[in-house]
Amino acid sequence: MPGEPRMHDHAIAFTTPPGAPRQRRWLLSPPGRIAIFVAWLVGLMVMLRFGFLALGMGQGTPILQQNLAQFVARALVPLAAYLILVKLVERRALIELAPRSLLPQGLLGALGGLLLFSAVVAVLWLVGSYHVSAFQPHAPWLGALLVVGLGAGIGEEIVFRGVLFRIVEEGLGTWWALGISALLFGAIHAANPGATLWSSAAIAIEAGLLFGMVYHVTRSLPVCMGLHAAWNFAQGTIYGIPVSGTAADGWLVSTRSGPDWLTGGAFGAEASVVALALCTLGTTGLLVVARRRGSIVPPVWRRR
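Residues numbered from 1 in each chain as written. Predicted model: local features only at pLDDT ≥ 70, side-chain atom pairs only at ≥ 80, totals over all residues. Heavy atoms only, no water.

**Re the packing of helix α5 (residues 141-172) against helix α7 (residues 197-218)**
One can describe the packing of α5 onto α7 by two numbers: an axis separation of 10 Å at closest approach and a directional angle of 65°. Here α5 lies roughly perpendicular to α7, going by the angle between them. The two elements α5 and α7 cross, and the hand of that crossing is right-handed. Here E157, R161, F165, R166 and E169 of α5 lie close against α7, whose contacting residues are G208, F211, G212, Y215 and H216. (Axes fitted to C-alpha atoms, helices over the stretch in contact; angles between N-to-C directions. Helix = DSSP H or I, 4+ residues; strand = E, 2+ residues; numbered from the N terminus. Parallel < 35°, antiparallel > 145°, perpendicular 65-115°, else oblique. Left-handed = near helix turned anticlockwise from the far one by under 90°. Contact = heavy atoms within 4.5 Å.)

The structure is reproduced here in structure tokens:
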């Protein structure tokens, strides 16, 4: 069936049908599908913005409603644009985001994200850099879960792994997909509070490469979403560390001492060499798995 993956396509979810008419073949090409997704994403965002204005939402809106609105914008709008891409353009089963796998695979990823960031904090504590001064049981966790956790985890993984990594891998292969998606993932964090060239590079290496390889090995967006969401939630709400430069109000009231290369400075522990080292170790392990499986996708011109 045109557009369906074959065994020698290394688990690629979609390939451009070679027999399609020229105009449709361009629309179904990797650049065409990325452009279609971006157009729908922007269009839906504009519609949502007008909808919020029509409902009278503004600075005086209760904080929970603002958090829900941000969740819709960050997570549900990219999800809607992705469903349009897969169902109406690629016309295939949503194998990487199958409903029956959402909960088990999402929880598996969340457990991995919690353990991974807890390991970062454990190392910082062992070297005398992470300090807890108080416990704050009434920290506002729900808003953080909706916006910084699920909102960022779902939306960013759809954009960077579901669209960018997956579609670039189809055309240029795994190595280019990893490099391009990681560089852009680091770049979007460059404007965050406290960001530096180093913090953007750290995000690109530790998260961009790691999340890309998690998707490559599992072919599961829920695993990536759970990992991403739990990493953010653990960092800010559990351990009280800024999340990509955004101040956190966590259950643990904490401080970090030492040089910025160790603590991550104002940007948070994501800019720490500890996070960089542990995530790079995880990425290396996944690369070994991929090489042993033979799942690294070559560029389209080198595939039979």
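Having seen the model, we can carry on.
**Quick look at a nonpolar patch on the surface**
A contiguous nonpolar patch, built from V38, V42, V46, F50 and L53 and spanning about 450 Å² of accessible area, is present on the exposed surface. Here V42 is to be found in helix α2 (residues 30-54). Judged by relative accessible area, V42 falls into the partly exposed class, the value being 46%. (Patch = residues over 30% accessible without salt bridge, like charges linked within 9 Å, V, L, I, M, F, W, Y side chains within 5 Å. Areas by Shrake-Rupley, 256 points an atom, 1.4 Å probe, with all protein chains shown as cover. Salt bridge = Lys/Arg side-chain N within 4 Å of Asp/Glu carboxyl O. Buried < 20%, exposed > 50% of the residue type's maximum accessible area, 1.4 Å probe, protein only.)

**Here's the deal with the nonpolar core**
Nonpolar side chains in soluble globular proteins generally cluster together in the buried interior. Ranked by internal contacts, the top residues of the largest apolar core, which has 68 residues, are F37, Y82, F117 and Y239. Listing elements by their share of this core, those giving two or more residues are α2, α3 (63-90), α4 (99-126), α5, α6 (174-187), α7, α8 (221-238) and α10 (273-293). (Core = buried A, V, L, I, M, F, W, Y, C linked by side-chain atoms within 4.5 Å.)

**Some words on the packing of aromatic side chains**
Summed over the entire model, instances satisfying the criterion amount to seven aromatic pairs. Here the aromatic rings of Y130 and Y239 are separated by 6.4 Å at their centres, their planes lie at 80°, and the arrangement is edge-to-face. You can see Y130 sitting in strand β1 (residues 130-135) and its partner Y239 sitting in the loop between α8 and β2 (252-256), a full 109 residues away along the chain. Side by side, Y130 and Y239 carry an identical accessibility label, which is buried. The rings of F117, Y130, W231 and Y239 are connected pair by pair, giving a single aromatic cluster. Lying over the aromatic face of F185, R161 brings its terminal NZ or CZ to 4.7 Å of the ring centre. (Phe/Tyr/Trp six-rings, centres within 6.5 Å; stacked < 30°, edge-to-face > 60°. Lys NZ or Arg CZ within 6 Å of the ring centre and 35° of its normal.)

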